[in-house]
Amino acid sequence: MTKIIGLTGGIGSGKSTVAQMFKNLGVPTYISDYHARGLMENSNRIRKSLVILFGKNAYKDGVLNRSYISSKVFNNSILLSKLNSIVHPEVKIHFENWLLNQKSRYVIKEVAILFEINSENDFDYIISVVAPKKERAKRVVLRGNHSKSDFNAIMNNQLTDAYKVNNSDFVINNKIISDTKKQVFTLHNFFLNN
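Just so we're clear, the structure is a prediction, and the values are computed from it rather than from any experiment.

Colleague: Where do I start with the packing of aromatic side chains in this structure?
Modeller: Two aromatic rings, taken as a pair, are described by how far apart their centres are and by the angle between their planes. Evaluation of the coordinates by the stated rule reveals 12 aromatic pairs. Here Y125 and F170 contribute two aromatic rings whose centre-to-centre distance is 5.6 Å and whose plane-to-plane angle is 55°, an arrangement assigned as tilted. Of this pair, Y125 sits in strand β6 (residues 125-130) while F170 is found in strand β7 (residues 170-173), placing the two residues 45 residues apart along the sequence. Geometrically, the ring pair formed by Y125 and F191 is tilted, given 5.5 Å between the ring centres and 35° between the ring planes.

Right, here's the structure in full:
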């Protein structure tokens, strides 16, 4: 039976980089945020719910108005929680359908807010990716889609690294890329053989 490995980490930790490393090793990798965006664009059920929650500005010319929704949830944990409760059950169904087509020993499901949406029991193992806060902030600002204050607001809506580390089976320290690759390779061998 295919094992499901949850991959998580705070903003700027490098979980997408780690997910890509597993993908490069031939591991089927499901990126929850990517599929969530697709579902928010294409699912009529989600679309209706988001318009009810955020108003008609949730979509602009028929396209998801991500910046508008982000601005609403950045400093409003109640709205963020409501958004997650609309989107993530649909993502879970989408993932389960995707999983039916996978034949590998294990798959990676990258979920930025794995613990925040209480989905830790959905996985055989959980990996948390961590990096120093200063480094994370630098990465996020360099990507160009968030300011330092955005980074802090997003961090405040996520659980701490300490919480994630304490509740994970494995931790990848993503500071030096060559070390990160070694850690990924070690885990890859473990998942193939256990």
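Colleague: Explanation requested: the environment of E110 in the structure shown.
Modeller: Looking at the element boundaries, E110 is found in strand β5 (residues 106-110). Owing to a relative accessible area of 2%, E110 belongs among the buried residues under this scheme. E110 sits 79 residues away from I31 along the chain, and the two C-alpha atoms are 5.0 Å apart. Apart from residues no more than four positions distant in its own chain, E110 is found in contact with L7, K15, S16, A19, Y30, I31 and S32.

Colleague: Which parts of the structure should I look at to understand the sheet that holds β5?
Modeller: Strands in a sheet are paired, the pairing made by backbone hydrogen bonds, and the direction either parallel or antiparallel. Overall, parallel pairing links the five strands, which are arranged β2-β5-β1-β6-β7 in an open sheet. Looking along the sheet, the strands with just one partner apiece sit at the ends: β2 (29-31) and β7. Shown here is a sheet whose adjacent strand axes are inclined to one another by a mean of 20°, direction ignored. In the sheet, β6 pairs with β7 via four bridges, with the strands oriented parallel. Following the sheet pairing, I127 is matched in β7 by F170.

Colleague: Is there a simple way to explain the nonpolar core in this structure?
Modeller: Across soluble globular proteins, nonpolar side chains show a tendency to be buried alongside one another. Counting 28 residues, the largest nonpolar core has M40, L50, F54, L83 and V87 as its most contacted members. Counting residues per element, the ones that place at least two in this core are α2 (32-42), α3 (44-54), α4 (66-73) and α5 (77-99). Counting residues in hydrophobic clusters, the runner-up holds 15 residues, among them A19, M21, F22 and V27.

Colleague: Whenever I open this one, the side chain of Q158 confuses me. Can you help?
Modeller: Of note, Q158 is situated in the loop between α7 (148-156) and α8 (161-166). At 2.9 Å, the side chain of Q158 forms a polar contact with the backbone nitrogen of I11. When sequence neighbours within four positions are dropped, the list of residues in contact with Q158 reads G10, I11, E116, R136 and K164.

Colleague: I tried to follow the pairing of strand β1 (residues 3-9) on my own but got confused; where do I start?
Modeller: Residues in a regular strand point their side chains to alternate faces of the sheet. Along β1, seven of the seven residues are buried, which leaves the element largely enclosed by surrounding structure. Every second residue of β1 is oriented toward a common face, with K3, I5, L7 and G9 on one face and I4, G6 and T8 on the other, all of them buried. Sheet topology places β1 next to β5; five bridges connect them, and they run parallel. Its bridge partner being in β5, I5 is matched across the sheet by I108.

Colleague: Where do I start with helix α6 (residues 133-143) in this structure?
Modeller: One turn of an α-helix holds 3.6 residues; hence residues three or four places apart share an orientation. Buried within α6 are the following residues: R136, A137, R139 and V140. Looking straight down α6, one finds that the buried residues subtend no more than 160° of arc, so they occupy a single side. Facing away from the buried side of α6, by more than 90 degrees, are the exposed residues K134 and L142. On the buried face of α6, the contacting elements are α7 and α8.

Colleague: Can you help me understand the side chain of E90 in this one?
Modeller: Secondary-structure assignment places E90 in helix α5. With sequence-adjacent residues up to four places away left out, E90 is seen in contact with L39, S43, R45 and I46.

Colleague: In this structure, what is going on with the pattern of salt bridges? I would like to understand it.
Modeller: Any two side chains of opposite charge can pair, on the condition that their charged atoms come close. Going through the model one piece at a time under the given rule, you end up with six salt bridges. Its salt-bridge partner being K164, residue E116 comes within 3.8 Å of it at the nearest N-O pair. Here E116, found in the loop between β5 and β6, pairs with K164, found in helix α8; they are 48 residues apart in sequence, far enough to count as distant. E116 gets classed as partly exposed once you look at its relative accessible area, which sits at 22%.

What counts and how
- Residues numbered from 1 in each chain as written.
- Predicted model: local features only at pLDDT ≥ 70, side-chain atom pairs only at ≥ 80, totals over all residues.
- Heavy atoms only, no water.
- Phe/Tyr/Trp six-rings, centres within 6.5 Å; stacked < 30°, edge-to-face > 60°.
- Helix = DSSP H or I, 4+ residues; strand = E, 2+ residues; numbered from the N terminus.
- Buried < 20%, exposed > 50% of the residue type's maximum accessible area, 1.4 Å probe, protein only.
- Contact = heavy atoms within 4.5 Å.
- Pairing = 2+ DSSP bridges.
- Axes fitted to C-alpha atoms, helices over the stretch in contact; angles between N-to-C directions.
- Core = buried A, V, L, I, M, F, W, Y, C linked by side-chain atoms within 4.5 Å.
- Polar contact = N/O pair within 3.5 Å; in protein donor to acceptor, adjacent residues only side chain to side chain.
- Arc of directions from axis to C-beta.
- Salt bridge = Lys/Arg side-chain N within 4 Å of Asp/Glu carboxyl O.

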